[in-house]
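Examination of the molecular architecture
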Amino acid sequence: MPGANVLAIHTPTGTKYGAASNFDGRFNLLNLRVGGPYTITISFVGYKDQTLNDVFLSLGNTQNIDVIMAEDSEQLETVVIQGTGGTGTFSSDRTGAETSVGRRELKRLPTISRSASDFTRLEPTASGNSFGGRNDQFNNFSLDGAIFNNPFGLDAATPGGQTSSQPISIDAIDQIQVSIAPYDVTQSGFTGASVNAVTKSGSNDFHGTVYGFYRNESMTGKKIKGEDVTRPDLNQSQYGVSVGGPLVKNKLFFFVNFEKDERDDLGTNGWVPNTGSGAINESRVTETDLMAVQSALGTLGYNTGAYEGFTYASNSTKGIMKLDWNINDNNRLAIIYNFLNASKEKPAHPTALGFRGPNATTLQFQNSGYEINNNIQSVQLELNSTISEESTNKLQVGYTHFDDFRNPLSTPAPAITIQEGGSNYIIAGHEPFSIHNKLDQKVFQFTDNLNFFKGDHTFTVGMSFEKFEFDNSFNLGAYGFGDDRGYVGAFGAFASLADFQTAIGNGLIADAITAAENTFNTNNANDSWALAETNVGQLAFYFQDEWNVSEKFKLTAGLRFDKPLFFDTAQKAQEVIDRACCYVPDIPYVNPNTGETVFLDNTQMPSNDWLVSPRVGFNYDVKGDKTFQFRGGTGVFTGRFPFVWLGNQVANPEVFFYQAVDPDYKFPQVWRTNIGSDYKFENGLILTGDVAYTKDINGAHVQNWGLLPPSGTLQGVDNRPVYLESDIINNAYVFTNSDKGRIWNASLKGQKTFKNGFYTMLAYSYLNSKDVNSIEAEITGDAFAFNPALGNVNDDVLAYSKYGDNHRVIGVASKKWDYGNDKWSTTISTFFEYAKGGRFNYTYGGDINGDGSGLNDLIYIPTSGEIGQMQFSNAGDAAALDAYINQDDYLKGRRGQYAERYGAIAPWRSRWDLKVLQDFRLKVSETKTNTIQFSLDVLNLGNLLNSDWGVIQQPNNVQPIGVTVDDAGVPTYSFNQNQTTTFGYDSSLASRWQAQIGLRYIF
């Protein structure tokens, strides 16, 4: 029926959206507000009006409405249909795997951190912020559809992530959606997942809430496996306020939220020095050794800080202000401003430049840590326009400013690393990455999408532009010092405590501290700290056709073009070169991928070729009644990479630490195929299944172009290829591409809402993920040094990825009871998780193959007979190693072979979380009721009931065998005879129960 008038009114605000049906009787209303309720009225001359009430819209889903009009002559009354919010599962827009989190989940599910990750974990493929087996740096986080990432990519993918702060309060979020395979070309910037949060808006009624949450050490577990573990004073308080309402009824609305969070955390992550007690959280680092280091440095006037019993503090203040303006019936404007001021004290980086703890093998002093500060201000503008009955437009413009800096807890001094048995043992001195470390980021974004409708087709034509400006002051190595007595600093380590004491005795460390103080004073006086500027961007054009082939079948096909932009970064790189002390551009390196001799040029940017992303998706409503849908799609997804990788090239032209990006390097791309189905049984049970396959097109890999293929051979039972002096040109760490990575993922979910309001969900995910380099480092050299390898370390060898869980089972149950004449209500909700993941490597503590890394050499697992042929530094090491291998299922099963990269896996982990809400409703007027709400959140409830439950097991030592190699290529091994078991128990808060109480007033 062509020409029918369709009017949708957003009831809370009176916002109107209108359209007319076309010749096929179809109508389109795009860019509506998420949520509801909506009242939809359909009218046509000579026919009875039809009205649909209480229609709710879910984020990212199209609500399909089918109406049969009745003629006036039939003498029927106006038809009124009651709509429901539903689960968002059945939608013609849905093609790939996705999870939507609405207000019910945000209000009812347990959380203490009040972070988005406590809710995105409802996605079956989630593992922390990793989804579907991908590094979280390859996700795209957005706020109201606009980019909201940490684009430089230091330590965390999300804004404020370095301080463990949430940039937007959960109280300001209306819905969250995690999309693994959305075959909509308007969505891009990721090869992992797209995570979009929609903020709340004001309405015609004033609403608000004042809330506070509190916990302390008495609400934190102090036992693991029946043993007491360290529990210093721990406090956390969160409090805030939200208010929304009209400034002009039906026209202009506001919403504001303000929140503050203050928290203390364990300084040593729960580990204590070794006093011979055999405690479950006792590390291998002896207290006497820690006291010796503390005393020796104290005689030089350097304060290490405590080595146990201390806490680190964190603080954050955040806010959001949103205006929604109904300019007229055809134009709607939203303006969003948010800010975050956050700080957090942290230990020295746990993995950069080696494993640094605190853990079972390595401990740090308090002043070896630092305070990170994340200050963010962001403003976004969104204009939705109805141009005509056949076209609409959505314009988004945004600007975000990040001001990140570190305050070291140490006075100027070199980083001091003391090893034992080839691996790091004690960390003292200055945090190596916190020497005048400042990062200023500016992000500008512009997106415009034009939709127009022709018959059964909805066409989208759009473009986007992103620009990222980075000013980075990074002074790694500035406090390093060396002479003929040796070197102390970020790039070196003392092989033993005795070597450290020698450096104390001969004055090396004293002179190093003096040199660090002089460097600090000179650079401050002359403003001569390092500075590197990097400007990057991306320009995109795309078009798409959503074709309703029939009432049951929808086909979506689109094509996207992305072009990397580097602006004046080459010029900025030249400016750094002009200030550099040791730039040597005439060294001939060798590209391992082609064998060609190349000269690396820091001013040469990566490829800026257009990247093409074709996608096609479908949705088939098998029965035509939204009870059985078959869906899927295939296509290319183009993402960003952490731009610190390019920033390393700009900032590090020095010959002694050369870092670069391959001139042929391309932005990440994957080909992802997803097939899924959803079925609703007559009893209301909904089953959802998805199978996905992801293949790298442009994956990331790091090589050392200063290494030729190894030409030597190790002597003994481990006869791997090794690098001779003639195989080494000079270290030059280069980011390049590989297409070998791939991921298989399958998930199954069941959910049901019973008639009495009881909701339950159960899901399972299976993952098999492989890549050539599970990069977690920001430093290019670290990304190479941490990638375990055999043979030619530059080869892109496909092996297990560290990201994701092989098996994961999650569940949710929630029920609300109303009683006392609806004055009282009690809600109890639980979330549980059982998962097997935590892949890890077994590598030597030492550089057995001569490639320059003491972290990346996978161990050879000898047979019992071969152990007798190996040379050990201590009597009894051989027998202890043999016994250790026999108790480890993985090692025992690979005797006579090499360990695989990320081939070992931690035991299953589990946890149950609980939330209880108690509401008391107060009638404050004839039409208004306010609510007082008490809440109790308990994380890891099982550990509260029994200290054996909910405890995470982790490897005690991922470098169990130490090694040195003499000039003849003969290795000498060492093994700590106190190592008898592979796994120990994580004594951090992740293995303990935690509780939090809250009080809220809702008006």
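What counts and what doesn't
Residues numbered from 1 in each chain as written. Predicted model: local features only at pLDDT ≥ 70, side-chain atom pairs only at ≥ 80, totals over all residues. Heavy atoms only, no water. Disulfide = S-S within 2.5 Å. Buried < 20%, exposed > 50% of the residue type's maximum accessible area, 1.4 Å probe, protein only. Helix = DSSP H or I, 4+ residues; strand = E, 2+ residues; numbered from the N terminus. Contact = heavy atoms within 4.5 Å. Pairing = 2+ DSSP bridges. Phe/Tyr/Trp six-rings, centres within 6.5 Å; stacked < 30°, edge-to-face > 60°. pLDDT = per-residue confidence, 0-100. Core = buried A, V, L, I, M, F, W, Y, C linked by side-chain atoms within 4.5 Å. Polar contact = N/O pair within 3.5 Å; in protein donor to acceptor, adjacent residues only side chain to side chain. Salt bridge = Lys/Arg side-chain N within 4 Å of Asp/Glu carboxyl O.

The name given to the chain in an unreviewed UniProt entry is Cell envelope biogenesis protein OmpA, with Algibacter mikhailovii as the source organism.

**Some words on the state of the cysteines**
Within the structure shown, the criterion is met by one disulfide. Paired through a disulfide, Cys581 and Cys582 show a sulfur-sulfur distance of 2.4 Å. Across the S-S bond linking Cys581 and Cys582, the dihedral sits near -90°, which makes this disulfide left-handed. Judged by relative accessible area, Cys582 falls into the partly exposed class, the value being 24%.

**With respect to the side chain of Ser237**
Along the chain, Ser237 falls in strand β16 (residues 235-248). You can call Ser237 buried: its relative accessible area is 17%. Aside from chain neighbours lying at most four places away, what touches Ser237 is Phe213, Tyr214, Lys260, Asp261 and Glu262.

**A closer look at the sheet that holds strand β26 (residues 423-429)**
Taking strand neighbours across the sheet as the criterion, the three strands line up as β22-β26-β25 in an open arrangement whose pairing is mixed. Edge positions in the sheet fall to β22 (363-364) and β25 (415-420), since each has one partner strand and no second. In the sheet, β25 pairs with β26 via six bridges, with the strands oriented antiparallel. By the bridge assignment, Glu420 is partnered in β26 with Ser423.

**So, the sheet that holds strand β10 (residues 146-147)**
One open sheet holds the five strands; their spatial order is β6-β11-β12-β9-β10, and the pairing between them is mixed. Looking at strand neighbours, the two that pair on one side only are β6 (98-101) and β10, the edges of this open sheet. Across four bridges, strand β9 (residues 140-143) lies against strand β12 (residues 194-199) in parallel orientation. Following the sheet pairing, Ser142 is matched in β12 by Asn196.

**Quick look at unusual backbone geometry**
Gly357 connects to Pro358 through a cis peptide bond whose omega is 0°. With respect to the helices and strands, the residue Pro358 is situated in the loop between β21 (331-346) and β22. For Arg114, which is not a glycine, the phi torsion comes out positive at approximately 55°. Along the polypeptide, Arg114 turns up in the loop between α1 (103-108) and α2 (117-120). A positive phi angle is found at Leu353, which is not glycine, with a value near 55°.

**Thoughts on the environment of Phe566**
With respect to the helices, strands and loops of the structure, Phe566 is situated in the loop between β32 (553-565) and α6 (569-579). Judged by its relative accessible area of 7%, Phe566 falls in the buried class. What Phe566 contacts, discounting residues up to four positions off in sequence, is Asn535, Val536, Met605, Pro606, Ser607, Asn608, Leu646 and Phe667.

**Notes on the packing of aromatic side chains**
Summed over the entire model, instances satisfying the criterion amount to 47 aromatic pairs. Arranged with centres 6.3 Å apart and planes meeting at 80°, the rings of Tyr307 and Phe365 form a pair that is edge-to-face. Highlighted residues: Tyr307 in the loop between α3 (287-298) and β20 (311-328) and Phe365 in the loop between β22 and β23 (370-388), separated in sequence by 58 residues. Of the two residues, Tyr307 and Phe365, both sit in the buried class. Here the aromatic rings of Phe470 and Phe643 are separated by 6.0 Å at their centres, their planes lie at 40°, and the arrangement is tilted. Taken together, the positions of Phe470 in strand β28 (residues 457-473) and Phe643 in the loop between β36 (628-638) and α7 (644-651) put the pair 173 residues apart, joining distant regions of the chain. Phe643 carries the same exposure label as Phe470, and that label is buried. Site record: aromatic cluster; members linked through ring pairs are Phe138, Phe152, Phe468, Phe470, Phe641, Phe643, Trp645, Tyr665, Phe667 and Phe735.

**Some thoughts on helix α10 (residues 877-887)**
Taken as a whole, α10 has its buried residues at Asp877, Ala880, Leu881, Asp882, Tyr884 and Ile885. The secondary structure elements touched by the buried residues of α10 are β49 (860-861), α9 (864-867), α11 (889-892), β55 (961-965) and β56 (971-975).

**Overview of the confidence of the model for the chain**
Of the residues in the chain, 95% reach a pLDDT of 70 or more, and the chain-wide mean stands at 93. Under a pLDDT of 50 for its full length, residues 74-86 has, in the predicted model, 23 contacts with residues more than four places off or in other chains.

**Quick notes on the nonpolar core**
The nonpolar side chains of soluble globular proteins are, as a tendency, buried together. Counting residues in each nonpolar core, the largest one holds 41 residues, and the members touching the most others are Phe643, Trp645 and Phe735. Within the residue set of this core, elements represented by two or more residues are β21, β27 (438-454), β28, α7, β39 (686-704), β42 (732-738) and α8 (780-785). Per-element accounting of this core gives the leading share, three residues, to α7. When neighbours within four sequence positions are excluded, Phe735 is seen to be in contact with Trp645, Ala660, Val661, Asp662, Tyr665, Ala700, His701, Val702, Ile775, Thr780 and Ala783. Grouped together as the second largest cluster of nonpolar side chains are 31 residues, Val101, Ile168, Ala172 and Ile336 included.

**Brief notes about the side chain of Asn135**
With respect to the helices, strands and loops of the structure, Asn135 is situated in the loop between β8 (130-131) and β9. There is a polar contact of 3.2 Å between the side chain of Asn135 and the side chain of Tyr803. Discounting residues that sit within four places of it in the chain, Asn135 has contacts with Ile775 and Tyr803.

**Describing the pattern of salt bridges**
Per the stated rule, a full pass over the model turns up 37 salt bridges. When the shortest N-O distance is used, the salt bridge between Asp690 and Arg631 registers 2.8 Å. Pair noted here: Asp690 is in strand β39 and Arg631 is in strand β36, with a separation of 59 residues, a long-range link. Among the residues examined, Asp690 registers a relative accessible area of 7% and is labelled buried. Taking the relative accessible area as the measure of exposure, Arg631 reaches 0% and is therefore buried. For Arg909, the salt bridge identified is with Asp805, shortest N-O distance 2.9 Å.

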